[in-house]
Amino acid sequence: MTQYLLNDSKKSKLIVAALWFIYAASYFIRTCYAASIAAIVSDGTFNKSSIGLVGTSFFICYATGQLISGLLGDRVNPFFMIIFGAVSGSLCCFLMPAAKSIGFMILIWGANGFFQSMLWSPILRIFSETIDKRLQKKAILNISLSLPVGTILAYLSSTILLKHYSWQHVFVCGGMVFLSAALFIITVTISVKNGIEVKPVLTDKRINTPIKSDEKNSIFTLGLLSGLFIIMLPSFLHGMMRDGITNWVPTMISEIYGISPSFSVFLTIALPILNAFGAYAAVPLYKKFGENEMKTAGVFAMLSLAPLLLLIFIGKLSVYIIIILLALTTSIMYALNYLIISLVPVHFAGSSKTSSVSGILNSAAHIGCALSSYGFGAVSEKFGWKAVIVIWIISAFLTSLFSFLGDRKWSVFIKSN
């Protein structure tokens with residue numbers, strides 16, 4: 001394996017900015033799809049179950065790609081992976097307006113999911129390995145802000161485009177944003193290339209033994225010791241809720257309250273605005289619990305039950321109150337995303353397994369996303385939206401339960417790491 005080291009603070013900040021932009025752009029184009037669902041269903045192009053399959057194809061390919069990218073991300077140049085994934089993903093966006101059948105749309109958006117899976121694991125590897133160590137924790141926290149920012153900008157753009165043009169224009173806009181981000185990171189990579197030291201990894205810093213000959217360094221053994229395989233369950237459940245709620249809220253609001261798709265998308269902007277504070281809200285509690293990710297995640301998942309239980313009264317409460325309750329729920333899911341997806345893998349940096357662990361946890365989260373993309377739409381068609389809310393409540397409780405169960409091994413692991 002090879003490490004890419006950069007001790008220059010200014011160049012490190014430039015890399016952090018470029019990676020922030022690329023990840024915000026990736027969520028921009030994801031949200032372009034979510035924001036378009038209500039319009040696509042409304043104009044009769046496809047029904048909810050069919051369009052849900054498109055989102056499912058994205059998340060299945062993303063989850064599969066995360067496993068591949070996670071393993072590759074510890075072995076190949078992470079900058080190359082990010083650039084290739086971003087350029088290819090932007091091309092998929094440009095192809096979406098040409099899709100005349102659900103099969104073609106599933107194929108294109110599934111490919112986009114695979115290409116986008118090449119982003120997060122190498123990004124986290126660069127943060128934990130390449131940039132100036134003094135910037136590491138702040139960079140990981142701040143990139144969490146790129147998710148809601150990308151989402152907010154996508155919702156605002158989609159609101160305008162859906163009002164004056166069509167859903168096809170939303171995807172063209174997404175492609176232009178993603179391609180711009182790809183060109184920016186290409187420029188940054190070229191400019192900092194001379195300052196990066198390429199260094200082979202000879203030993204495991206955590207246990208100070210040769211990597212190839214020590215079984216303690218295997219991902220399976222580390223998974224057993226750390227409780228990683230239990231942590232995959234809250235990762236799966238929070239992913240199902242995080243993107244599932246975000247994807248279906250505009251359609252749910254439109255159907256229950258009878259408002260236009262464009263206005264329902266505009267109202268849903270409240271979700272990412274509060275989501276922006278989710279990761280930052282986790283920091284005080286995270287420090288209080290001794291920087292223990294799973295104990296903090298268990299508490300946050302339990303807190304999400306309060307707004308979720310009130311959602312049972314959807315249709316009776318004002319649409320604005322419902323939006324606030326949904327925003328509170330998703331902001332907690334983004335706090336969980338920061339704790340599980342962003343922070344947990346960093347503890348494996350000493351074993352050179354940051355990218356692999358990131359890929360495993362992200363894959364689990366996006367299997368949940370895949371299930372929610374089709375499942376929530378199908379459940380709502382057959383049983384109504386209240387049945388979907390009940391599923392959210394059960395999922396939140398199980399997320400808390402498995403987080404606390406995973407903490408038994410995790411607490412021991414992080415103390416010895």
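Note that the structure is a prediction, hence the values are computed from the model and not measured. (Residues numbered from 1 in each chain as written. Predicted model: local features only at pLDDT ≥ 70, side-chain atom pairs only at ≥ 80, totals over all residues. Heavy atoms only, no water.)

### Considering the overall build of the protein chain
Secondary structure summary: the protein chain contains 18 helices and four strands in total. Taking 417 residues into account, the globule formula puts the C-alpha radius of gyration at 22 Å, and the protein chain, at 21 Å, falls close to it. Its C-alpha atoms give the protein chain principal-axis dimensions of about 60 × 45 × 35 Å. The proportion of buried residues among the 417 residues of the protein chain is 59%. Considering only residue pairs separated by 6 or more positions, the protein chain has 83% of its internal contacts joining residues 24 or more positions apart. Counting every atom, the protein chain has about 16,000 Å² of accessible surface; 70% of that belongs to carbon and sulfur. Treating the 30 positive side-chain charges of the protein chain as one cloud and the 15 negative ones as another, the clouds have centres 3 Å apart. (Helix = DSSP H or I, 4+ residues; strand = E, 2+ residues; numbered from the N terminus. Rg over C-alpha atoms; globule rule 2.2 N^0.38 Å. Buried < 20%, exposed > 50% of the residue type's maximum accessible area, 1.4 Å probe, protein only. Contact = heavy atoms within 4.5 Å. Areas by Shrake-Rupley, 256 points an atom, 1.4 Å probe, with all protein chains shown as cover. Lys, Arg positive; Asp, Glu negative; His and termini not counted. Charge placed at Lys NZ, Arg CZ, Asp CG, Glu CD.)

### Topic: the packing of helix 1 (residues 9–42) against helix 6 (residues 136–143)
For the pair helix 1 and helix 6, interaxial distance at closest approach is 10 Å and the crossing angle is 20°. One way to sum up the angle between helix 1 and helix 6 is to call them roughly parallel. The element helix 1 and its partner helix 6 pack so that their crossing is right-handed. Along the contact surface, helix 1 presents Val16, Leu19, Trp20 and Tyr23, while helix 6 presents Ala139, Asn142 and Ile143. (Axes fitted to C-alpha atoms, helices over the stretch in contact; angles between N-to-C directions. Parallel < 35°, antiparallel > 145°, perpendicular 65-115°, else oblique. Left-handed = near helix turned anticlockwise from the far one by under 90°.)

### Describing the side chain of serine 403
Mapping serine 403 onto the fold places it in helix 18 (residues 385–416). Not counting chain neighbours up to four residues away, the residues in contact with serine 403 comprise Pro234, Met294, Ala297 and Gly298.

### Side note on helix 7 (residues 146–164)
Here helix 7 is 19 residues long and its end C-alpha atoms lie 27 Å apart, about the 27 Å a rise of 1.5 Å per residue gives. The set of residues buried in helix 7 consists of Ser146, Leu147, Pro148, Gly150, Thr151, Ile152, Ala154, Tyr155, Ser158, Thr159, Leu161 and Leu162. (Expected span 1.5 Å × (residues − 1).)

### Concerning a nonpolar patch on the surface
Residues Leu153, Leu156, Phe263, Phe266 and Tyr320 make up a contiguous nonpolar surface patch of about 480 Å² in total accessible area. At the level of secondary structure, the elements contributing two or more residues to the nonpolar patch comprise helix 7 and helix 11 (261–267). The residue leucine 156 is located in helix 7 in this model. (Patch = residues over 30% accessible without salt bridge, like charges linked within 9 Å, V, L, I, M, F, W, Y side chains within 5 Å. Salt bridge = Lys/Arg side-chain N within 4 Å of Asp/Glu carboxyl O.)

### Some thoughts on the packing of helix 10 (residues 228–257) against helix 18
One way to put it is that helix 10 packs onto helix 18 with a least axis distance of 8 Å and a crossing angle of 160°. Between helix 10 and helix 18, the interaxial angle falls into the category roughly antiparallel. For the crossing formed where helix 10 meets helix 18, the hand is left-handed.

### Regarding the confidence of the model for the protein chain
Here the protein chain averages 86 in pLDDT, while 95% of its residues score no lower than 70. Segment residues 203–214 is flagged for pLDDT under 50; beyond a separation of four residues in sequence, or across chains, it makes 24 contacts in the model. (pLDDT = per-residue confidence, 0-100.)

### A word on empty space enclosed by the protein
Taken as a whole, this structure holds three cavities of 30 Å³ or more when the rule is applied. Estimated volume of the largest cavity: approximately 130 Å³. Sorting the residues of the lining of the largest cavity by element identifies helix 1, helix 2 (48–73) and helix 10 as the ones contributing at least two each. With five residues, the single largest contributor to the lining of the largest cavity is helix 1. Of the residues that constitute the lining of the largest cavity, the class distribution is seven nonpolar, five polar and two charged. Of the volumes computed, that of the second largest cavity is approximately 40 Å³. Taken together, Tyr23, Tyr27, Tyr62, Trp120, Arg242, Asn337, Ile341, Asn362 and His366 form the lining of the second largest cavity. Going through the elements one at a time, helix 1, helix 16 (319–343) and helix 17 (354–383) are the ones with two or more residues in the lining of the second largest cavity. For the lining of the second largest cavity, the residue count by class is five nonpolar, three polar and one charged. (1 Å grid on protein atoms, 1.4 Å probe; cavity = no way out; pocket = protein on both sides within 12 Å on 5 of 7 lines; lining within 4 Å. Points joined across faces, edges and corners; volume = space filled by probe spheres on them. Nonpolar A, V, L, I, M, F, W, Y, C, P; charged D, E, K, R; others polar.)

### Describing the pattern of salt bridges
Charged atoms that come close allow side chains of opposite charge to pair. Enumeration according to the criterion identifies five salt bridges in this entry. Aspartate 132 is the partner of arginine 134 in a salt bridge, and the nearest nitrogen-oxygen pair spans 2.7 Å. Taking relative accessible area as the criterion, aspartate 132 reaches 7% and is therefore assigned buried. Residues joined in a network through salt bridges with shared partners are Arg30, Arg242 and Asp243.

### Re the environment of leucine 19
By the element assignment, leucine 19 lies in helix 1. Counting along the chain gives 295 residues from leucine 19 to isoleucine 314, while the straight-line C-alpha distance between them is 39 Å. Sequence-distant contacts of leucine 19, defined by excluding residues within four places in its chain, comprise Ile82, Ile123, Ile126, Phe127, Ile143 and Ile185.

### Here's the deal with the side chain of aspartate 243
Structurally, the position occupied by aspartate 243 is in helix 10. One polar contact links aspartate 243 to arginine 242, side chain to side chain, over a distance of 2.6 Å. If sequence neighbours within four positions are ignored, aspartate 243 has contacts with Arg30, Phe59, Cys369 and Ser372. (Polar contact = N/O pair within 3.5 Å; in protein donor to acceptor, adjacent residues only side chain to side chain.)

### Observations concerning the packing of aromatic side chains
The full count for this structure, using the stated rule, is 18 aromatic pairs. Within the aromatic cluster, the residues linked to one another by ring pairs are Tyr33, Phe58, Phe59, Tyr62, Trp109, Trp167 and Phe171. For arginine 30, the ring lying beneath its charged end belongs to tyrosine 27, and the centroid distance is 4.3 Å. Its guanidinium or amino end placed over the ring of tyrosine 62, arginine 30 lies 4.6 Å from that ring's centre, counting from NZ or CZ. (Phe/Tyr/Trp six-rings, centres within 6.5 Å; stacked < 30°, edge-to-face > 60°. Lys NZ or Arg CZ within 6 Å of the ring centre and 35° of its normal.)

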